[in-house]
Structures are given as C-alpha cells and as structure tokens.
Amino acid sequence: MGVTSAANINTDLRTEEGLEELLALARMIAYARQVAQDVKLPFATNCLDLALEAVKQEVGEGLTRDLAELSSPVPQVSVKRH
C-alpha cells in the first residue's frame, strides 16, 4: 500500500472497501500478536496490542462483533488524529 492508498483509506473510511481493509489489517495484527506471544516477546506483544486497539477504534462501534475474536488484554485508550 502506497502513500496515496493510505490517504484514500482516511477519506474512504466509511466505505465498504475501506472497512474491509481495516478489518484485514486488524486480523494481521492479531496474528502477529499471537506469534509474538507464542515466542515470548512481551514488548512486541504489547506494541501489537496497542496497534490492534487503535485499528479497532478506527473501525468504530459498528463492527464490534466482527472484531470480537481479535480481543486483546489492553484496555480501551483514546487515540485521536492530530
């Protein structure tokens, strides 16, 4: 994904394609988090927990059920765009 693609995700966030891309990203992060946890890399696991929660917040409340299987022990934090 190039720089222009990343910019398009922000503008098309509520479109079906944008949401699908964010869901795919969340699944990849969840997989990487599980691998990091399996090989006992606590710092990487914590970083991936934070990344997963940020993506879940970006997706929003509407798809909470779709992301239920991607739970992490990190509490909800406020991640706002600057």
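Reading the values: the criteria
Residues numbered from 1 in each chain as written. Predicted model: local features only at pLDDT ≥ 70, side-chain atom pairs only at ≥ 80, totals over all residues. Heavy atoms only, no water. Helix = DSSP H or I, 4+ residues; strand = E, 2+ residues; numbered from the N terminus. Buried < 20%, exposed > 50% of the residue type's maximum accessible area, 1.4 Å probe, protein only. Contact = heavy atoms within 4.5 Å. Areas by Shrake-Rupley, 256 points an atom, 1.4 Å probe, with all protein chains shown as cover. Axes fitted to C-alpha atoms, helices over the stretch in contact; angles between N-to-C directions. Parallel < 35°, antiparallel > 145°, perpendicular 65-115°, else oblique. Left-handed = near helix turned anticlockwise from the far one by under 90°. Nonpolar A, V, L, I, M, F, W, Y, C, P; charged D, E, K, R; others polar. Core = buried A, V, L, I, M, F, W, Y, C linked by side-chain atoms within 4.5 Å.

1. Regarding the overall build of the protein
Next, step 1: The number of helices and strands found in the protein is 3 helices and 0 strands.
Next, step 2: Residue burial in the protein is summarised as follows: out of 82 residues, 29% are buried.
Next, step 3: Contacts spanning at least 24 positions in sequence make up 45% of the contacts within the protein whose residues lie at least 6 apart.
Next, step 4: Total accessible area on the protein is roughly 5,800 Å²; 60% of this is exposed by carbon and sulfur atoms.

2. Concerning the packing of helix H2 (residues 16-38) against helix H3 (residues 42-59)
Next, step 1: Direction vectors running N to C along H2 and H3 enclose 160 degrees, while the axes themselves pass 9 Å from each other. Classified by the interaxial angle, the pair formed by H2 and H3 is roughly antiparallel. Judged by the twist between their axes, the crossing of H2 over H3 is left-handed. Two secondary-structure elements touch here, H2 through Leu19, Leu22, Leu25, Ala26, Ile29, Ala30, Ala32, Arg33, Ala36 and Gln37 and H3 through Ala44, Thr45, Leu48, Asp49, Ala51, Leu52, Val55, Glu58 and Val59.
Next, step 2: When the residues that make up the contact of H2 with H3 are grouped by side-chain class, the tally is 14 nonpolar, 2 polar and 3 charged.

3. Here's the deal with the nonpolar core
Next, step 1: Judged by nonpolar contacts, Leu19, Leu22, Ala26, Ile29, Ala30, Leu52, Val55 and Val59 together constitute the single largest core of 8 residues.
Next, step 2: The leading source of residues in this core is H2, at 5 residues.

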